[in-house]
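Secondary and tertiary structure notes
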Amino acid sequence: MRDHNDLSSPDTIPVATGPRRIVYLLAAGGFFALGVAGILLPGLPTTPFLLLTSYFLLRSSPSLNERLTHSRFLGPILQDWHARRGVRQSVKLRAIALVVIMLAVTIYLGNLPAPLATVVLALGGVGLTVIALLPSISTTNNHAAVKTAAITDPVD
């Protein structure tokens, strides 16, 4: 069984070649687009899509994954996940607040028919649930202990 702390090092994960590499790069691009869309759209949580982006980039283009994990806006979330297998509580709270605000704006300004408003609220609820179930890390000390959560480590 592989140590999860080794996942942040591209040297421990074989890089795909040929058609598999192309599929992984396309998957990474698609998940990245969904992650960016999730910043503005209620119901689409950003963090899980960024984690999937990193997963596929690590296996297809470690240099692109390195750029992503060191980006100013998205990098800290991925660095926390790779190093500590969780997300900071402050990131979760900001994500929840953003989803709630975007849901409110969508419902208030969207002038949506009741069935469509119900779908938007349901998708927002799914997004909020995903965010809430991500493992939280405490930043009160240097070791940042992972709090227990309903989600276990993903299977490779």
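Scroll up to find the structure this text is about.
Positions within a chain are numbered from 1, following the residues in the order the chain's sequence is written. In view of the model being predicted, local features appear only for residues whose pLDDT reaches at least 70, and side-chain atom pairs are presented and counted only at 80 or more, with totals across whole chains, interfaces and linings using the full set of residues. As a rule here, side-chain values cover all heavy atoms of the structure and leave hydrogens and water aside.

**Details of the nonpolar core**
As a reminder, the rule being used: In this text, buried Ala, Val, Leu, Ile, Met, Phe, Trp, Tyr and Cys residues form a nonpolar core when linked through side-chain atoms within 4.5 Å. For every residue, the accessible area obtained with a 1.4 Å probe (protein chains only) is divided by the maximum for its type, and the residue is called buried under 20%, exposed over 50%, and partly exposed between those limits. Working definition: helices are DSSP H or I runs of at least four residues, strands are E runs of at least two. Numbering for both runs from the N terminus. The criterion used for residue contact is that any of the two residues' heavy atoms lie within 4.5 Å.
Leu 68, Leu 78, Trp 81 and Val 87 are the most contacted members of the largest nonpolar core, which totals 15 residues. At the level of elements, α1 (18–40), α2 (46–60) and α4 (75–84) are the ones that each hand at least two residues to this core. A total of 4 residues in this core trace back to one element, the largest contributor, which is α2. Excluding anything up to four places from it in sequence, Leu 78 contacts Leu 50, Leu 51, Ser 54, Leu 68 and Thr 69.

**Some words on the pattern of salt bridges**
Filter applied, for reference: A pairing counts as a salt bridge when a side-chain nitrogen of Lys or Arg comes within 4 Å of a carboxyl oxygen of Asp or Glu.
If you walk through the whole model with that rule in mind, you get 2 salt bridges. A salt bridge links Arg 84 to Asp 80; the nearest nitrogen and oxygen atoms lie 3.3 Å apart. Of this pair, Arg 84 and Asp 80 both sit in helix α4, 4 residues apart, which is roughly one turn of that helix. For Asp 80, the salt bridge goes to Arg 88, with nearest N and O atoms at 2.5 Å. A residue is classified by how much of its surface remains accessible, and Asp 80, at 5% relative accessible area, is buried. Salt bridges here are not isolated pairs; linked through shared partners, they connect Asp 80, Arg 84 and Arg 88.

**Quick notes on the layout of surface pockets**
Selection rule: A cavity, in this analysis, means grid points on a 1 Å lattice covering only the protein atoms where a 1.4 Å probe fits yet has no way out; a pocket is instead an open set bounded by protein on both sides within 12 Å along at least five of seven lines, and a residue lines either one if it has an atom within 4 Å of a point. Grid points are joined across faces, edges and corners, and a volume is the space filled by probe spheres set on the points. Residue type decides the class: Asp, Glu, Lys and Arg count as charged, Ala, Val, Leu, Ile, Met, Phe, Trp, Tyr, Cys and Pro as nonpolar, and the leftover types, Gly among them, as polar.
For the second largest pocket, the calculated volume is near 350 Å³. For the second largest pocket, the lining is made up of 19 residues, of which Ile 39, Thr 46, Ile 77, Ala 95 and Leu 98 are closest to its centre. Elements that contribute at least two residues to the lining of the second largest pocket include exactly α1, α2 and α5 (89–110). The leading source of residues in the lining of the second largest pocket is α5, at 6 residues. Of the residues in the lining of the second largest pocket, the class split is 15 nonpolar, 3 polar and 1 charged.

**As for helix α6 (residues 114–133)**
For clarity, the threshold we go by: For a helix, the expected span equals 1.5 Å multiplied by the number of residues minus one. The arc in question is traced by the directions running from the helix axis to the C-beta atoms.
Helix length check: α6 (20 residues) gives 28 Å between terminal C-alpha atoms against 28 Å at 1.5 Å per residue, within 8%. When α6 is considered as a whole, its buried residues turn out to be Ala 117, Val 120, Gly 124, Gly 127 and Ile 131. Down the axis of α6, the buried side of the element spans an arc of 85°, and every buried residue falls inside it. For α6, exposure combined with an orientation more than 90 degrees from the buried face picks out Ala 114, Pro 115, Thr 118 and Val 126. Turning to α6, the residues buried within the fold contact α5.

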